[in-house]
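Here is what each chain is made of, one letter per residue.
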Amino acid sequence: MLSLQPLTDDDRELIELARRTVDANTDGPDGVYTMGAAVRGIDGRMYAGINLYHFTGGPCAELVALGHARASGARELTTIVAVGNEGRGVQGPCGRDRQVLLDYHPGIRVILPSEDGPGSVLATDLLPGAYRWTP
């Protein structure tokens, strides 16, 4: 069982950006799984992304947010979160996202849902004993 750290005001601001992003860009309730994500750089700037749902798999919102941050020059990131459309709230990253976070940003905090409300853990806590690729 993961031990989640409590949310900070910065975490809540990041969740709100992800929620606004998915609400403004959702594909709607037609069975399409739309996610928004937001990531914070070490300088406090935030970057959002939205998934591109496609039957072949398409990029997850977390990966789009990471790409947005990188394209904007942010290489050191502190926190990431994903939020589902239609009011689904904070969602945990998929396995592929966990591996990418571990490889590129092992020290990033990942906001996760729990029965007691969202909290955060380090990316390294999400895949204990995982293969480590060094980009």
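The structure this text deals with has already been given above.
Residues numbered from 1 in each chain as written. Predicted model: local features only at pLDDT ≥ 70, side-chain atom pairs only at ≥ 80, totals over all residues. Heavy atoms only, no water.

### Quick word on unusual backbone geometry
Most peptide bonds take the trans configuration, and most residues that are not glycine carry a negative phi. Phi is positive for E86, which is not a glycine, with a value near 55°. Looking at where E86 falls in the secondary structure, it is placed in the loop between β3 (77-84) and β4 (89-91). Look at E86 and you get partly exposed, because its relative accessible area is 49%. (Helix = DSSP H or I, 4+ residues; strand = E, 2+ residues; numbered from the N terminus. Buried < 20%, exposed > 50% of the residue type's maximum accessible area, 1.4 Å probe, protein only.)

### Considering the nonpolar core
General note: in soluble globular proteins, nonpolar side chains tend to be found buried as a group. By size, the foremost hydrophobic cluster in this structure holds 19 residues, and its most contacted members are V39, L77, I80, L101, I108 and V110. Elements represented by at least two residues in this core include exactly β1 (35-41), α2 (61-71), β3, β5 (109-112) and α4 (123-126). Here this core takes four residues from α2, the largest share from any one element. Residue contacts for V39: discarding those within four places in its chain leaves L14, R45, M46, Y47, A65, L66, A69, L77, T79, I80 and I108. By size, the runner-up hydrophobic cluster in this structure holds twelve residues, among which are L7, I15, L17 and V83. (Core = buried A, V, L, I, M, F, W, Y, C linked by side-chain atoms within 4.5 Å. Contact = heavy atoms within 4.5 Å.)

### Focus on the pairing of strand β6 (residues 119-122)
Pairing between β5 and β6: four bridges, direction antiparallel. Across the sheet, the residue bridging to I111 is S120, located in β6. The antiparallel hairpin formed by β5 and β6 contains six residues in its connecting segment, where G117 sits at a positive phi of about 105°. (Pairing = 2+ DSSP bridges.)

### As for the pairing of β3
The buried fraction of β3 amounts to seven of the eight residues, a majority that puts the element mostly inside the structure. Pairing geometry for β1 and β3, over seven bridges, is antiparallel. Among the inter-strand pairings, A37 is bridged to a residue of β3, identified as A82. Pairing analysis gives three bridges linking β3 to β4, with the strands arranged antiparallel. Along β4, the bridge assignment pairs V83 with V90.

### Examining a nonpolar patch on the surface
On the surface, Y104, Y131 and W133 cluster together into a nonpolar patch covering about 370 Å² of accessible area. Within the secondary structure, W133 is located in the segment after α4. Given the relative accessible area of 40%, W133 is considered partly exposed. (Patch = residues over 30% accessible without salt bridge, like charges linked within 9 Å, V, L, I, M, F, W, Y side chains within 5 Å. Areas by Shrake-Rupley, 256 points an atom, 1.4 Å probe, with all protein chains shown as cover. Salt bridge = Lys/Arg side-chain N within 4 Å of Asp/Glu carboxyl O.)

### Observations regarding empty space enclosed by the protein
For the coordinates displayed, the defined rule picks out one cavity of 30 Å³ or more. Taken as a whole, the largest cavity holds about 30 Å³ of empty space. In terms of lining residues, the largest cavity is bounded by E62, I80, V81, A82, Q91, P93, L101 and V110. With three residues, β3 is the largest single contributor of residues to the lining of the largest cavity. Among the residues forming the lining of the largest cavity, the class breakdown is six nonpolar, one polar and one charged. (1 Å grid on protein atoms, 1.4 Å probe; cavity = no way out; pocket = protein on both sides within 12 Å on 5 of 7 lines; lining within 4 Å. Points joined across faces, edges and corners; volume = space filled by probe spheres on them. Nonpolar A, V, L, I, M, F, W, Y, C, P; charged D, E, K, R; others polar.)

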